[in-house]
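# Observations on the three-dimensional arrangement
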Amino acid sequence: MTSPAGRGNRAVASERYLVGFDTRDLPRYSTDILVVGGGVAGLSAALAAAKSMNVLVLHKDVPALSNTSWAQGGIAAAVAPDDDPDAHADDTLRTGCGLCDTELVREIAAAAPTAVRQLADSGARFDRAADGATFALGREGGHGAARILHAGDTTGAECSRTLITRVREHARISEKENAYVIDLITADAGVGGTDMNGCVGALVQGPSGRYAVFARAVVLATGGAGQLFRETSNVPGATGDGIAAAYRAGVSLRDMEFVQFHPTTLYLAGVERVLVTEAVRGDGALLIDNHGDRFLKDVHPDAELAPRDIVSRALLAHLARPGVFGIFLDMRHWPKGHVAGRFPGLARTCAHYGLDPERDPIPVRPAAHYTIGGVRCDHDGATDLPGLFACGEAACSGLHGANRLASNSLLEGLVLGPRVGAAAARAAAVRGRFLGDVCAPAIGRRRGSADFADLRRSLISRMWRSAGVTRDAEDLGVTAAAIAEWRGFMGGVVLEDRSGFEVANLLLLGGLMVAAATAREESRGTHDRKDYPERDDARFLGSFCWRRGAPARFVGIDRTGGGADGILSRRATPKQHG
Ligand code: SIN
């Protein structure tokens, strides 16, 4: 394979810690396993780890404010008699455009039917078919069969409710809400009175001050960074804190250029974007423009149910045409009462804004939805830092490749979360307890103020324009320079609270995303380069990996003997310099 020689693949500099601290001066808590994040992946990991260990779960806000709780559509699983996990895996691999980890994809698709039945047995009220016994199954883009389990259009909230109930009943699990993880604490053997290496805990900002939590193993399940983009379907807290903290701790990230944009969020000026689930298109809703033209039928044979990247791009391209000023979801042909019955959340949202989907086409636009890249980990969630594991959207396991198949993310959390929790418990059993202290000097910052809200607005606007649905080298370059300048300025400011920490994390991850998007001089999956419109397997069949203080590394996929989108093994190509 020829090594890619993109211009963006340089190291992105960052300091080790966002703030100076000395654990001797801080309140200190200890647990066996620290789970950071209370979405489906974190809660599932906590329940598995608690079979043998004490677990503390930290929620950045409250469980209802996680991307899991906001997830609408559902969970993909081949449970229908005429469906088959291999077909689910094939759809996942096709959507992932050659970058999925085939073995993992097949494992997860095979485990899906049991995982969803177990969740239903523990109380999740998925919608049932008319017979009352079998699951009602929806269709979503990229799936060759109806295989989406759902609970109305609040499936994530139902998963969250079920898991949080079990977590709260568990004697070995405790939780803290409004606990913001500033950084992972790492130890070096021989320093600070310890012989341990790797991740030993986290520095946390709580409502009444800062504290340290020490743990034998840490599971990062902090979610993605959808808040990097002006248009997003994500919860306000989706600022990639865990991914950024892992990078500062020297952990490898990968696939940072891949961000999934959902084609349909409610688009009303001055109103927060709200996801309109793809399941409405699965149920036959049409996408039309202001002339009533169903333009997608000329774009892809599956029209509204084409993969999300194709629909999102087609929407924006169509909006750029003369005379087109709006795209709408049209449900007016549905039987009366269907919207309220099947999509009660959508019906409520529309009513709130004075829209009636039985009468009005609903205005929509694409928005950032899912961070495909993240913390590089193996099939058990192990990262390259001893004691640190990752799962869910914060992790990059290889399930999604270059594009995520709809409704595979709750599934990933449900299947891999328990596996990662069990692996963390095994690691904790042999790791022992950290009894030392960690002191990080205050880095060269001076007290001074910055308008973090203004900086954040500038960043997310630039990211949307240049690193959004379509990208090119020129715009990415302008954004890279702007981010470098903003980061330089932020480096001089003392960070005291969440608003500053979040902006620092967004700037770090924005820089990495832009560097990765620049380096990948091709179009593949969610990553669409106007200046490199073709997929280029000769140069880019593999992943860019990013580690603090090192140049980006391209890890190629060796397909020798593999199937069409098969991955048999990965091999590293030499380091690349821009
Ligand atoms: C949706 O409901 O459209 C989102 C489902 C997903 O992102 O998997």
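Please read these numbers as outputs of a predicted model, since none were measured by experiment.

### Quick look at the overall build of the protein
For the protein, the helix and strand inventory stands at 15 helices and 23 strands. The C-alpha radius of gyration of the protein comes to 23 Å, within 12% of the 25 Å expected for a compact globule of 578 residues. Each principal axis of the C-alpha distribution contributes one length, and for the protein these read about 70 × 55 × 55 Å. Relative to its full complement of 578 residues, the protein shows a buried share of 62%. A sequence separation of at least 24 residues applies to 73% of the contacts in the protein between residues at least 6 apart.

### Quick look at empty space enclosed by the protein
If a probe as big as a water molecule is rolled over the atoms, it shows which places are left empty. On inspection of all chains with the given rule, the structure shows five cavities of 30 Å³ or more. Of the volumes computed, that of the largest cavity is approximately 60 Å³. In terms of lining, the largest cavity is formed by 16 residues, of which the most central are Ala-390, Cys-391, Gly-392, Leu-416 and Val-420. With five residues, the single largest contributor to the lining of the largest cavity is helix α11 (residues 409-431). A breakdown of the residues in the lining of the largest cavity according to their chemical character gives seven nonpolar, six polar and three charged.

### Let's talk about a nonpolar patch on the surface
A cluster of nonpolar side chains, namely Val-62, Leu-65 and Trp-70, defines an oily patch on the protein surface of about 210 Å² accessible area. Note that Leu-65 resides in the loop between β3 (55-58) and α2 (67-70). Classification of Leu-65 by relative accessible area gives partly exposed; the value is 34%.

### Remarks on the nonpolar core
Grouped together as the largest cluster of nonpolar side chains are 88 residues, with contacts concentrated most on Phe-229 and Trp-546. Here this core gets 14 residues from one element, more than from any other, and that element is helix α14 (residues 498-519). In this view, Phe-229 contacts Val-259, Phe-261, Ala-368, Ile-460, Met-463, Trp-464, Ala-467, Gly-468 and Met-513; residues no more than four positions away in its chain are not counted. Within the second largest apolar cluster, 54 residues are counted, among which are Ala-49, Ala-115, Leu-149 and Ala-425.

### Structural notes on the pairing of β3
Burial along β3 is two-sided: Val-55 and Val-57 facing one way and Leu-56 and Leu-58 facing the other are all buried. Summarising the sheet, strand β2 (residues 28-36) and β3 pair through four bridges and their orientation is parallel. Bridge assignment links Val-36 to a residue of β3, and that residue is Leu-58. You can see the chain leave β2, run along helix α1 (residues 40-49) and come back into β3, and the turn it takes is right-handed. One ladder, built from four bridges, connects β3 with strand β7 (residues 173-176); its direction is parallel.

### Looking at the pattern of salt bridges
Enumeration over the complete set of coordinates arrives at 45 salt bridges. Between Glu-231 and Arg-230 there is a salt bridge, and its shortest N-O distance comes to 3.0 Å. In this structure, the salt-bridge partner of Arg-456 is Glu-502, at a minimum N-O distance of 2.8 Å. In this pair, Arg-456 is assigned in helix α12 (residues 452-467) and Glu-502 in helix α14, connecting sequence segments 46 residues apart. Overlapping salt bridges bring together Lys-60, Asp-61, Asp-241, Arg-456, Arg-498 and Glu-502 as one network.

### Focus: helix α13 (residues 473-490)
Taking 1.5 Å per residue as the helical rise, α13 with its 18 residues ought to reach 26 Å, and the 25 Å between its terminal C-alpha atoms agrees with that figure. On the buried face of α13, the contacting elements are α12 and α14. The N-capping residue of α13, defined by a side-chain oxygen 3.2 Å from the backbone nitrogen of Glu-474, is Asp-472.

### Points about the state of the cysteines
In the structure shown here, the tally under the stated rule is zero disulfides. Cys-100 takes part in no disulfide bond, and the closest cysteine sulfur to it belongs to Cys-97, at a distance of 8.1 Å. On the basis of relative accessibility, which here comes to 1%, the residue Cys-100 falls in the buried class. Free of any disulfide, Cys-396 has its nearest neighbouring cysteine sulfur in Cys-377, separated by 7.3 Å.

### Points about the pairing of strand β12 (residues 259-266)
Counting buried positions along β12 gives eight out of eight residues, so the element sits mostly inside the fold. Across six bridges, β12 lies against strand β16 (residues 362-371) in antiparallel orientation. When the bridges of β16 are listed, His-262 appears paired with Ala-367. Bridging between β12 and strand β13 (residues 274-275) involves two bridges; their strand directions are antiparallel. Note on β13: the bridge partner recorded for Thr-265 is Leu-275.

Reading the values: rules and limits
Residues numbered from 1 in each chain as written. Predicted model: local features only at pLDDT ≥ 70, side-chain atom pairs only at ≥ 80, totals over all residues. Heavy atoms only, no water. Helix = DSSP H or I, 4+ residues; strand = E, 2+ residues; numbered from the N terminus. Rg over C-alpha atoms; globule rule 2.2 N^0.38 Å. Buried < 20%, exposed > 50% of the residue type's maximum accessible area, 1.4 Å probe, protein only. Contact = heavy atoms within 4.5 Å. 1 Å grid on protein atoms, 1.4 Å probe; cavity = no way out; pocket = protein on both sides within 12 Å on 5 of 7 lines; lining within 4 Å. Points joined across faces, edges and corners; volume = space filled by probe spheres on them. Nonpolar A, V, L, I, M, F, W, Y, C, P; charged D, E, K, R; others polar. Patch = residues over 30% accessible without salt bridge, like charges linked within 9 Å, V, L, I, M, F, W, Y side chains within 5 Å. Areas by Shrake-Rupley, 256 points an atom, 1.4 Å probe, with all protein chains shown as cover. Salt bridge = Lys/Arg side-chain N within 4 Å of Asp/Glu carboxyl O. Core = buried A, V, L, I, M, F, W, Y, C linked by side-chain atoms within 4.5 Å. Pairing = 2+ DSSP bridges. Right-handed = clockwise from strand over helix to strand, strands pointing away. Expected span 1.5 Å × (residues − 1). Polar contact = N/O pair within 3.5 Å; in protein donor to acceptor, adjacent residues only side chain to side chain. Disulfide = S-S within 2.5 Å.

Any functional reading would require information beyond the geometric quantities listed.
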